[in-house]
Amino acid sequence: MKDIAKLIIVLTIICAVSGSLMALVNDMTKDLIREANERAKLEAMKSVLPEFDNNPVEDAKVISANGKDWTFFVAKQKSQFVGAAFASTSHKGYSGDIHVMIGVTAENKILAIEILTPHKETPGLGAKITGYDFRRKFIGKDINENETKWAVAKDGGDIDQISAATISSRAVVEAVKQGLDIFIANEDEIKK
Amino acid sequence: MTFYNEMIKGLWKENPIFRLVLGMCPTLAVTTSVENSLGMGFAASFVLICSNIVIALLRNLIPSKVRIPCFIVIIATFVTIVDMLMNAFAHELHNNLGLFIPLIVVNCIILGRAEAFASKNPVMLSIADGIGMGIGFTLGLTVLGLCREILGAGSITLFQQAGLKWEIGWLADKTMILMILAPGGFIALGCLLGFMNHIQSLIARAKGKAFTPPQHLDCRHCTICKWGE
């Protein structure tokens with residue numbers, strides 16, 4: 001009996017100390033972690049937008065579609081719409097979700113895309129989607145489906161896939177197309 | 001002198017990857033590039049040293065019947081703290097390693113050293129053991145990462161964000177993609193293990209002896225299985 005009491009007390013004390021220690025560190029770091037995540041997203045957003053003089057985060061428009069909220073960061077120059085940036089997600093990555101930040105200009109052309117971290121694609125293969133060699137294939141493409149076939153070349157589309165990484169390429173194209181569909185459907189609202 | 005001996009044994013004689021063959025899960029999973037190997041090695045070493053210190057300090061207070069849950073709680077605490085600190089202060093590195101950090105909890109090197117060494121030895125020696133094993137683990141991961149990255153991707157990446165990445169030009173179109181996929185991990189590890197044994201047998205032969213693997217590193221030596229005896 002005394003033996004069992006000792007076991008329980010020791011284990012309880014160790015767990016309690018561990019728990020409080022983790023709570024302390026969590027308290028110290030949670031704001032920093034949130035800031036770091038926000039900063040990474042903001043940087044990705046800036047890199048896909050044309051030059052602007054407003055605050056795209058303040059002017060962002062939130063649109064509910066497909067059961068979730070899409071945030072469109074709107075870039076303006078002298079109060080004129082010059083571009084929008086938005087994040088889209090594909091669940092068809094080779095291992096896990098792929099988040100893509102897409103930038104569209106006022107002329108409805110893709111300005112740039114950026115693959116958001118973290119993604120879990122195979123290093124050296126699928127992870128090549130983050131490289132400029134792949135991302136540049138999207139630049140300048142018209143978002144209208146009559147102009148650009150949003151699929152990888154293997155499926156008869158206009159985007160060349162990365163060899164040996166078709167699944168990852170396909171997922172990025174899917175994410176872009178999904179986002180663009182929402183953008184096109186709400187174009188007037190976003191460009192207002 | 002003992003401090004030095006305990007430290008140096010982790011490098012070659014009891015190298016956690018090539019001799020103890022412990023922690024194979026992260027070893028095979030993260031060694032696709034040198035950068036990932038180094039990051040995983042440092043994170044695991046930090047946890048190993050911290051957990052060795054605490055377990056050596058508490059070794060006389062923890063009843064042997066609940067020692068395994070106690071060790072796991074202590075290790076998991078350090079891993080969670082490392083995870084949060086890394087996420088806050090080295091965000092880019094955390095993005096690359098994020099997946100593997102929780103794996104450190106179940107990395108058997110850390111539990112293995114807690115059980116086999118820190119729970120039986122004073123703090124200073126446990127620190128030495130932690131440092132030595134940590135360096136040995138990092139070294140092993142790096143060698144494996146180097147082989148796989150050069151053969152599989154034709155590049156050497158030390159730290160991508162800082163631009164420390166070199167492409168090996170003449171290898172660019174001759175890479176074996178297999179080497180950075182999962183099977184490549186097994187192939188590279190197997191070849192390296194064979195190579196290590198070969199070197200050891202050569203050394204033994206030069207001394208005029210037959211090579212025998214160290215018996216005390218055998219699985220039978222571990223006390224985890226002897227529960228209740």
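Our subject is the structure listed above.
> Would you explain the overall build of chain B in this entry?
On a plain count of helices and strands, chain B comes out with eight helices and two strands. Helices (α) and strands (β) of chain B occur, in sequence order from the N terminus, as α-α-α-α-α-α-α-β-β-α. By residue count, 47% of the 229 residues in chain B fall in the buried class. Sequence-distant contacts in chain B: of pairs separated by 6 or more residues, those separated by 24 or more amount to 74%. For chain B, the accessible surface area stands at approximately 11,000 Å², while carbon and sulfur atoms represent 71% of it.

> Would you mind showing me how to read the packing of helix α1 (residues 2-47) of chain A against helix α4 (residues 67-89) of chain B here?
The axes of two packed helices give the description: the angle between them and the distance between them. Close contact between α1(A) and α4(B) brings their axes to 8 Å; oriented N to C, the two are set at 10°. The angle between α1(A) and α4(B) places the two elements in the roughly parallel class. Of the residues assigned to the contact of α1(A) with α4(B), the class counts are 19 nonpolar, six polar and no charged.

> Looking at this structure, I do not really get the pattern of salt bridges. What am I missing?
Side chains that differ in sign of charge can pair as their charged atoms come close. With the rule as written, the count across this model stands at 14 salt bridges over all chains. Note that A:K92 and A:E174 form a salt bridge whose closest N and O atoms lie 3.6 Å from each other. Here A:K92 is found in the loop between β3 (80-90) and β4 (98-105), whereas its partner A:E174 is found in helix α3 (residues 166-185), with 82 residues between them in sequence. Judged by its relative accessible area of 23%, A:E174 is partly exposed. Close ionic contact of B:K9 with B:D129 constitutes a salt bridge, the shortest N to O distance being 2.7 Å. Remark: B:D129 occurs in helix α7 (residues 123-153) and B:K9 occurs in the loop between α1 (2-8) and α2 (24-30); sequence separation between them is 120 residues. Each member of the pair, B:K9 as well as B:D129, carries the same accessibility label: buried.

> Help me understand the environment of B:S33, please; the structure alone is not making it clear to me.
All names here are of chain B. As for its position among the elements, S33 is in the loop between α2 and α3 (34-57). Along the backbone, S33 and L193 are 160 residues apart, and their C-alpha atoms lie at a distance of 19 Å. Not counting residues within four places of it along the chain, the set of residues in contact with S33 comprises G145 and E149. Looking at S33, its side chain comes within polar contact range of the main-chain nitrogen of N36, at 3.3 Å.

Cut-offs and rules
Residues numbered from 1 in each chain as written. Chains lettered and ligands numbered in written order. Predicted model: local features only at pLDDT ≥ 70, side-chain atom pairs only at ≥ 80, totals over all residues. Heavy atoms only, no water. Helix = DSSP H or I, 4+ residues; strand = E, 2+ residues; numbered from the N terminus. Buried < 20%, exposed > 50% of the residue type's maximum accessible area, 1.4 Å probe, protein only. Contact = heavy atoms within 4.5 Å. Areas by Shrake-Rupley, 256 points an atom, 1.4 Å probe, with all protein chains shown as cover. Axes fitted to C-alpha atoms, helices over the stretch in contact; angles between N-to-C directions. Parallel < 35°, antiparallel > 145°, perpendicular 65-115°, else oblique. Nonpolar A, V, L, I, M, F, W, Y, C, P; charged D, E, K, R; others polar. Salt bridge = Lys/Arg side-chain N within 4 Å of Asp/Glu carboxyl O. Polar contact = N/O pair within 3.5 Å; in protein donor to acceptor, adjacent residues only side chain to side chain.

These figures come from the coordinates and say nothing about function on their own.
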